[in-house]
Amino acid sequence: MNSYMDQAEQYVLHTYNRFPIVIESGDGVYLKDTDGKEYLDFASGIAVYALGYHYPGFDEALKEQIDKVMHISNLFYSAPLADAAEKVVKASKMSKVFFTNSGTEAIEGAIKAARKYAYLKDGRTDHEIIAMQHSFHGRSVGALSVTGNAHYQEAFRPLMGGVKFAEYNDLQSVLEQVNEHTCAIILETVQGEGGIYPATEEFLKGIRKVCDEKDILLILDEIQCGMGRTGEMFACEAYDVQPDIMTVAKALGCGVPVGAFLLNEKTAKASLVPGDHGTTYGGNPFATAAVSCVLDIFEKDQIVEHVREIAPYFEQKLDALVAEHDCLTARRGRGLMQGIVVGNGVTPGQIILEAQKEGLLVISAGSDVLRLVPPLVIEEKHIDEMAEKLSRAIAGVRKN
Ligand SMILES: *Cc1c(COP(=O)(O)O)cnc(C)c1O
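Okay, so let's go over this structure. Just so you know, these numbers come straight off a predicted model, no measurement behind them.

Cut-offs used in this document
- Residues numbered from 1 in each chain as written.
- Predicted model: local features only at pLDDT ≥ 70, side-chain atom pairs only at ≥ 80, totals over all residues.
- Heavy atoms only, no water.
- Helix = DSSP H or I, 4+ residues; strand = E, 2+ residues; numbered from the N terminus.
- Rg over C-alpha atoms; globule rule 2.2 N^0.38 Å.
- Buried < 20%, exposed > 50% of the residue type's maximum accessible area, 1.4 Å probe, protein only.
- Contact = heavy atoms within 4.5 Å.
- Areas by Shrake-Rupley, 256 points an atom, 1.4 Å probe, with all protein chains shown as cover.
- Lys, Arg positive; Asp, Glu negative; His and termini not counted.
- Charge placed at Lys NZ, Arg CZ, Asp CG, Glu CD.
- 1 Å grid on protein atoms, 1.4 Å probe; cavity = no way out; pocket = protein on both sides within 12 Å on 5 of 7 lines; lining within 4 Å.
- Points joined across faces, edges and corners; volume = space filled by probe spheres on them.
- Nonpolar A, V, L, I, M, F, W, Y, C, P; charged D, E, K, R; others polar.
- Phe/Tyr/Trp six-rings, centres within 6.5 Å; stacked < 30°, edge-to-face > 60°.
- Pairing = 2+ DSSP bridges.
- Axes fitted to C-alpha atoms, helices over the stretch in contact; angles between N-to-C directions.
- Polar contact = N/O pair within 3.5 Å; in protein donor to acceptor, adjacent residues only side chain to side chain.
- Near = heavy atom within 4 Å.
- Core = buried A, V, L, I, M, F, W, Y, C linked by side-chain atoms within 4.5 Å.

### Describing the overall build of the protein chain
- What the protein chain contains, in helices and strands, is 14 helices and 17 strands.
- Taken against the 2.2 N^0.38 rule, which gives 21 Å for 400 residues, the C-alpha radius of gyration of the protein chain at 21 Å falls within 12% of a compact globule.
- Across its three principal axes, the protein chain shows a C-alpha extent of roughly 65 × 55 × 45 Å.
- Going through the 400 residues of the protein chain one by one, you find that 52% of them count as buried.
- Partitioning the intrachain contacts of the protein chain with sequence separation of at least 6 by distance along the chain shows that 71% fall at a separation of at least 24.
- Summed over all atoms, the accessible surface of the protein chain reaches about 18000 Å², with 51% contributed by carbon and sulfur.
- Averaged over its 38 positive side-chain charges, the protein chain has a centre that lies 2 Å from the centre of its 56 negative ones.

### What to know about unusual backbone geometry
- Here the amide bond leading from arginine 157 into proline 158 is cis, since omega sits at 0°, within 30 degrees of zero.
- Position of proline 158 among the secondary structure elements: in the loop between helix 7 (150–153) and strand 6 (163–166).
- A positive phi angle is found at isoleucine 46, which is not glycine, with a value near 60°.
- Summarising the element assignment, isoleucine 46 is placed in helix 2 (residues 44–47).
- For isoleucine 46, a relative accessible area of 39% gives the class partly exposed.

### Describing the layout of surface pockets
- Its boundaries defined by the atoms lining it, the second largest pocket holds a volume of some 650 Å³.
- As for the second largest pocket, its lining consists of 23 residues, of which Val97, Phe98, Phe99, Leu272 and His277 are closest to the centre.
- When contributions to the lining of the second largest pocket are tallied by element, the ones reaching two or more residues are helix 4 (79–92), strand 4 (96–100) and strand 12 (259–263).
- Of the residues forming the lining of the second largest pocket, the biggest block, four residues, is contributed by strand 4.
- Its residues placed into classes, the lining of the second largest pocket shows 13 nonpolar, nine polar and one charged.

### Side note on the packing of aromatic side chains
- Counted by the stated rule, this structure contains five aromatic pairs.
- Seen from their ring centres, phenylalanine 42 and phenylalanine 314 are 5.9 Å apart, and the 55° between their planes marks the pair as tilted. Placement of the pair is phenylalanine 42 in the loop between strand 3 (38–41) and helix 2 and phenylalanine 314 in helix 12 (residues 303–324), with a sequence separation of 272 residues.
- When its relative accessible area of 0% is taken as the criterion, phenylalanine 42 is described as buried.
- Between phenylalanine 136 and tyrosine 152, the ring centres sit 6.0 Å apart and the planes meet at 85°, which makes this aromatic pair edge-to-face.

### So, the sheet that holds strand 17 (residues 369–372)
- Reading across the sheet, the four strands line up as 13-14-17-16 and stay open at both edges, with antiparallel pairing between neighbours. What marks the edges here is a single partner per strand, and that holds for strand 13 (328–334) and strand 16 (363–365). The sheet shows a mean angle of 35° between the axes of neighbouring strands, taken without regard to direction.
- Pairing analysis gives six bridges linking strand 13 to strand 14 (residues 337–342), with the strands arranged antiparallel. Bridging across to strand 14, leucine 328 finds its partner in valine 342.
- Across the sheet, helix 12 is in contact with strand 13, strand 14 and strand 17; its angle to strand 13 comes to roughly 165°.

### Structural notes on the side chain of threonine 267
- In this fold, threonine 267 is placed in helix 10 (residues 265–269).
- Here asparagine 264 takes part through its side chain, which lies 2.5 Å from a polar atom of the side chain of threonine 267.
- Aside from chain neighbours lying at most four places away, what touches threonine 267 is Tyr117, Leu217, Asp244 and Ile245.

### A look at the site of the ligand
- Around the ligand sit Ser102, Gly103, Thr104, Phe136, His137, Glu188, Asp221, Ile223, Gln224 and Lys250, and that is every residue in its neighbourhood.
- One of the side-chain nitrogen or oxygen atoms of threonine 104 is found 2.5 Å away from an oxygen atom of the ligand.
- In this structure, an oxygen atom belonging to the ligand sits 2.6 Å away from a side-chain N or O atom of lysine 250.
- Protein coverage of the free-state accessible area of the ligand, which is 380 Å², stands at 82%.
- Across the shell around the ligand, the residue classes tally to two nonpolar, five polar and three charged.

### Examining the nonpolar core
- Among the nonpolar cores identified, the biggest contains 87 residues, and Met132, Ile185, Leu187, Ile207, Met227, Phe298 and Met386 are the most heavily contacted of them.
- Excluding residues within four positions of it along the chain, methionine 227 makes contact with Met233, Phe234, Val248, Ala251, Leu252, Val294, Leu295, Phe298 and Leu376.
- In this structure, Ile107, Leu217, Phe261 and Leu263 belong to the second largest nonpolar core, which totals 23 residues.

### Remarks on the pairing of strand 7 (residues 182–188)
- For strand 7, the tally of buried residues reaches seven of seven residues, placing the bulk of the element in the interior.
- In the sheet, strand 5 (residues 128–132) pairs with strand 7 via three bridges, with the strands oriented parallel. When the sheet's bridge partners are listed, glutamate 128 is paired in strand 7 with threonine 182.
- Two strands pair when backbone bridges link them, and strand 7 and strand 10 (residues 217–221) are joined in this way by five bridges, in the parallel orientation. Among the inter-strand pairings, leucine 187 is bridged to a residue of strand 10, identified as leucine 220.

As structure tokens, then:
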């Protein structure tokens, strides 16, 4: 185990402080390390592995596509591309999709589509985007420019221009930034990395309203909170708010790297055209076979319904933990995207390390939040096991 860690540290650029665990394989909602130790996985590769490891039919679909062809470029059509596009467009109630290789690239495409839409209206090149403080949209220069985290941005200035920041869940702070240059407002329906903050109904509906009044495009980043995680296929459904542009990734390929940005009809009709945007890999037959299979499984096995059924039990167990331990001070979230605020002299990092010793994987969000984003297929017995292990982990932190 140590030799893989040493080898990786010698050759992989050190941009992550990794946990001292070498993962070898997964099975259901469990991961195993190279020493054979098992971990109940309530991190799912950062909200990616929605179906858990080796969901029936998924591996087979991927292997079948590998045996046909994995990549053809976007100069040709393929059946997986066509199927996946129809399924994701219908599932999101949008009009058109562009497949990317990551969430970050989906954000880049969304920004370009919004700017092009505004450019076609007035021919100006000084459009502005309003983004939120404590947001996370990715690390490329464009996505970083709309990520409201000064620490992530500082060393990489100058960033993309024309971005203003407002306070999440403070409608007035958004309205104050709106002017005739505003082409888009971008936000996560539930802020993930920033600490698991769901949008309030008043906030999201208020933003939709000003966007409608001024023909500003609403970009909802559903990369983490989408794909069933909150008990809706996409989190915005709970608010009855439909975006003009939506970004999706993480659970979209359940482990296969793929993202997408989706446009409604109005935006699709008057934005990106041939020559405006492209990708070599994006939407290739392998990635879109994964998307197609994931969406089939979601429908056939009613994954979103399962989340809705199991979420109250999850919340109840987490609330009990918060009541029991004085270092856990609050719970926030929706469905299977939950955050527990940690305080009173304890940090999420301490709990995460103790939990690993107990055989439980959890992660953090922001500086003081323990994030729980399990595979969507967890059952009550897994939630019980998580609660027991987390309780023991917290007791362990208190002892040290
Ligand atoms: C993870 C994430 C991204 C970036 O996605 P990558 O696939 O890492 O590029 C963007 N937005 C949100 C809300 C995310 O959680």
